[in-house]
Amino acid sequence: MKAIEVTGRIDSQGNLVLDEPIQGSTYPHQVRVIVLIPEPAEAEEVDPDDTPVEEIKASLRRALQQAKAGQTRPLSELWDRIDAE
């Protein structure tokens, strides 16, 4: 069996209308069609593990301001805090 991927739409009568004709040989026999319909935008679902971009930007701005003001901590102190967790 040979697979050909094309795009199209389903009209108001339920007919499949291809965006482009299938080029090449004619197919005198019946063909099988699998229609893949996209799900509603999964991007709308909020992943609780994802930090919003604006929150990340604000955190980076604060960190940059602290670094410019000399409000830094020794790296060894940061490692101690990581080990404690």
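As the structure is a prediction and not an experimental result, all values here were calculated from the model.

Tallying secondary structure elements over the chain gives 2 helices and 2 strands in all. Helices and strands appear in the chain in the N-to-C order β-β-α-α. The burial tally for the chain puts 0% of its 85 residues in the buried class. Carbon and sulfur atoms make up 53% of the accessible area of the chain, which amounts to about 8,900 Å² in all.

Right, let's get into the pattern of salt bridges. This structure, assessed with the given rule, holds 2 salt bridges. Here E54 ties to K57 by a salt bridge, and the two come within 3.9 Å at their closest N and O atoms. Residue E54 and its partner K57 are located together in helix α1 (residues 53-68), separated by 3 residues, close to a single helical turn. Overall, E54 belongs to the exposed group, its relative accessible area being 53%. Exposure remark for K57: the relative accessible area of 39% places this residue in the partly exposed category. With a shortest N-O distance of 3.7 Å, R73 and E77 are connected by a salt bridge. The class of E77 is partly exposed, set by a relative accessible area of 32%.

We now examine a nonpolar patch on the surface. A surface patch of nonpolar side chains, amounting to about 960 Å² of accessible area, comprises I4, V6, I10, L16, L18, I22, Y27, V31, V33, V35 and I37. Tracing the chain through its elements places L18 in strand β2 (residues 16-18). Take L18: its relative accessible area is 32%, and that puts it in the partly exposed class.

For the rest of this paragraph, the subject is α1. With 16 residues, α1 should reach 22 Å at 1.5 Å per residue; the first-to-last C-alpha distance of 23 Å fits that figure. At the exit of α1 stands G70, carrying a positive phi of roughly 80°.

Cut-off values and rules
- Residues numbered from 1 in each chain as written.
- Predicted model: local features only at pLDDT ≥ 70, side-chain atom pairs only at ≥ 80, totals over all residues.
- Heavy atoms only, no water.
- Helix = DSSP H or I, 4+ residues; strand = E, 2+ residues; numbered from the N terminus.
- Buried < 20%, exposed > 50% of the residue type's maximum accessible area, 1.4 Å probe, protein only.
- Areas by Shrake-Rupley, 256 points an atom, 1.4 Å probe, with all protein chains shown as cover.
- Salt bridge = Lys/Arg side-chain N within 4 Å of Asp/Glu carboxyl O.
- Patch = residues over 30% accessible without salt bridge, like charges linked within 9 Å, V, L, I, M, F, W, Y side chains within 5 Å.
- Expected span 1.5 Å × (residues − 1).

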